[in-house]
Amino acid sequence: MKNILLLGATGSIGKSVLSVINENKSKLNLFGISLNNNINEATKIINELEPSFIYIEDNAALEDFINHNQSKDIIHLNGDKELKDLINHQEVDIIISAISGFAGLKATHLAASSGKKILLANKESIVTGGDLILPLAKENNSEIIPIDSEHNAIFQCLSGEKGIEDVQKITITASGGPFINKKLSDLKDVTKSDALNHPNWKMGSKISIDSATLVNKCLELIEAIYLFDLDEKYFDLVVHPQSIIHSIVTYVDGSSICQLSKPDMRIPIAHALSDENRLTIDFNTLDFTKLELSFQEFPRDRIEIQDIAREVCNKGGLLGTIFNAANEIAVESFLSEQIKFVEIYEVIYRTFDKCNLSNDLSLETINEADMLTRIEAQKVVKSLV
Ligand code: NDP
Ligand code: MG
């Protein structure tokens, strides 16, 4: 039996993880959960899977939880020290990092030094803190397995191979999002609900907007250079509208290996949760006789955003934090209907040009750069409204 600590249990990835656990209760036990403030969803999870611990980030939500759940046999936690203790609890075997956005960095960083297996969904923690997290995980024997579908596909295509030096190229696929085949100039008046309406995946709102802007693919490029320890030049970003091939590894001898499945996050999660044997889940099979797979170039009118991501990969330091924070503010401002969809790019470009920070890297400097960038990005938002 493996004990799982699910960070971000009430979100979209959290739900997919719970579904895999539910189908494999003889092998997987939900030991603990964390969330920000969604007590209703947390209560449903507790009633169904009876975890021993709940960590609640938001203080008011914690009080609310305590008031309504006095009879429940669960230990509630809050604050950095208790989060650290939970992550390091000797009974935890697997930590799932599925908090959304920069808020996930703190927990992923703590998990990296725990010596436990980490299933990583929170790409923003690698984009901002990859230079700290990867070495820390290596030093402490904390194995990181990606569950972002593209990175999990690459991970599967690389496993059993002789070495990363045999890789010639890696192709990361992108669905193209809800505005596939639309020019940037056609997107001036798209609404929040248009942008949230992803054709292939049901996801949290932040990543859904990232997918519509293609910033998600840019974050994934940065995530990939850290997870696979390869230069950005090895990676191509290609649109694949069907979301069936989740990424492709091409080897120096000309063979390309890819991973295929219907778009369903339970599949990479089940792979990452497996041991020697794969876990069984109920999935929709692919009818190969009906498959039509196509590929398109990354849209040329969005190439500037990819160029910024490649600059982040090449220069490192705090640039990932600046890129990420500018994007988070831009997405929040779009979701609160302060700016238009196309202005998300403007907020990122103008903030990225303005922020110029030192390369002295630590958790403190990352947090400071995040805060300063958010202030700059807010100024750009104000100038647009
Ligand atoms: P959601 O918005 O659906 O869920 C976010 C989760 O994080 C919720 O449980 C939320 O709690 C929790 N959370 C937010 N802030 C905090 C905080 N400060 N402390 C503790 N918990 C917090 O996001 P997704 O599930 O869509 O995405 C999660 C991560 O996985 C993201 O990094 C995303 O990029 C990545 N990912 C997601 C995919 C998907 O299919 N959804 C695919 C690939 C990667 P509460 O509910 O209380 O607010
Ligand atoms: Mg992905």
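Above this text is the structure in question.
Residues numbered from 1 in each chain as written. Chains lettered and ligands numbered in written order. Predicted model: local features only at pLDDT ≥ 70, side-chain atom pairs only at ≥ 80, totals over all residues. Heavy atoms only, no water.

Draft legend 1. How the structure looks around the overall build of the protein. Secondary structure summary: the protein contains 15 helices and twelve strands in total. Here the protein has a C-alpha radius of gyration of 20 Å; the compact-globule value for 385 residues is 21 Å, and the two agree. Projected onto its principal axes, the C-alpha coordinates of the protein cover approximately 55 × 50 × 40 Å. Every one of the 385 residues in the protein was classed for burial, and the buried ones make up 56%. A separation of at least 24 residues holds for 69% of the contacts in the protein among residues at least 6 apart in sequence. (Helix = DSSP H or I, 4+ residues; strand = E, 2+ residues; numbered from the N terminus. Rg over C-alpha atoms; globule rule 2.2 N^0.38 Å. Buried < 20%, exposed > 50% of the residue type's maximum accessible area, 1.4 Å probe, protein only. Contact = heavy atoms within 4.5 Å.)

Draft legend 2. Expanded view of the nonpolar core. One finds Ile87, Ile305, Phe323 and Phe341 to be the most contacted residues of the largest nonpolar core, which totals 83 residues. Once residues lying within four places of it in the same chain are set aside, the contact partners of Ile305 are Val215, Cys218, Phe298, Phe323, Tyr345, Ile348 and Tyr349. Ranked by size, the runner-up nonpolar core spans 39 residues in total, among them Val17, Ile39, Ile56 and Leu62. (Core = buried A, V, L, I, M, F, W, Y, C linked by side-chain atoms within 4.5 Å.)

Draft legend 3. Summary view of the coordination of the magnesium ion (ligand 2). Within the first shell, the magnesium ion (ligand 2) binds the protein through Asp148 (OD), Glu150 (OE) and Glu220 (OE), at distances of 2.1 to 2.2 Å. Considered as a linear motif, the donors of the magnesium ion (ligand 2) on their single chain read D-x1-E-x69-E. Judged on exposure class, the residue Asp148 and its partner Glu150 are both buried. (Donors = N, O, S within 2.8 Å, 3.2 Å for Na, K, Ca; no water.)

Draft legend 4. Main features of the packing of aromatic side chains. Counting across every chain of the model gives six aromatic pairs. On the numbers, 6.5 Å between centres and 85° between planes, the contact of Phe323 with Phe352 is edge-to-face. You can see Phe323 sitting in helix α13 (residues 319-335) and its partner Phe352 sitting in helix α14 (residues 343-354), a full 29 residues away along the chain. With relative accessibility at 0%, the residue Phe323 sits in the buried group. Residue Phe352 is classed as buried on the basis of its relative accessible area, which comes to 7%. Ring geometry for Phe341 against Tyr345: centres 6.4 Å apart, planes inclined by 90°, an arrangement best described as edge-to-face. Look at Tyr345 and you get buried, because its relative accessible area is 3%. Each member of the aromatic cluster is reached from another via a ring pair, and the members are Phe179, Phe334, Phe341, Tyr345 and Tyr349. (Phe/Tyr/Trp six-rings, centres within 6.5 Å; stacked < 30°, edge-to-face > 60°.)

Draft legend 5. Structural detail: the site of ligand 1. Neighbouring residues of ligand 1: 25 residues in total, closest Thr10, Ile13, Asn37, Asn38 and Glu124. Ile13 is positioned such that a nitrogen or oxygen atom in its backbone is 2.9 Å from an oxygen atom of ligand 1. Between ligand 1 and the protein, one listed contact pairs an oxygen atom with a backbone N or O atom of Gly204 at 2.9 Å. Relative to its unbound accessible area of 910 Å², ligand 1 is 86% covered by the protein chains. Going through the elements one at a time, α1 (12-23) and α6 (123-139) are the ones with two or more residues in the shell around ligand 1. Looking at the shell around ligand 1 residue by residue, the class counts come to ten nonpolar, eleven polar and four charged. (Near = heavy atom within 4 Å. Polar contact = N/O pair within 3.5 Å; in protein donor to acceptor, adjacent residues only side chain to side chain. Areas by Shrake-Rupley, 256 points an atom, 1.4 Å probe, with all protein chains shown as cover. Nonpolar A, V, L, I, M, F, W, Y, C, P; charged D, E, K, R; others polar.)

Draft legend 6. Expanded view of the side chain of Glu150. Its location among the elements puts Glu150 in helix α7 (residues 149-158). Residue class for Glu150 comes out buried when judged on its relative accessible area of 8%. For Glu150, the contacting residues outside a window of four places in its chain are Ile172, Thr173, Lys217, Glu220, His246 and Ser247.

Draft legend 7. Seen up close, the sheet that holds strand β6 (residues 117-120). Strand order in this open sheet of seven strands is β4-β3-β2-β1-β5-β6-β7, and the pairing throughout is parallel. Single-partner strands in this sheet number two, and they are β4 (75-77) and β7 (144-146). Between one strand and the next, the sheet's axes are offset by a mean angle of 20°, whatever the strand orientation. Examined bridge by bridge, strand β3 (residues 53-56) and β4 share three bridges and lie parallel to one another. The residue bridging Tyr55 from the neighbouring strand is Leu77, located in β4. (Pairing = 2+ DSSP bridges. Axes fitted to C-alpha atoms, helices over the stretch in contact; angles between N-to-C directions.)

Draft legend 8. Summary view of the side chain of Asn69. Looking at the element boundaries, Asn69 is found in the loop between α3 (59-68) and β4. Judged by relative accessible area, which is 8%, Asn69 ranks as buried. In this structure the side chain of Asn69 is engaged in a polar contact, spanning 2.9 Å, whose partner is the backbone oxygen of Phe65.

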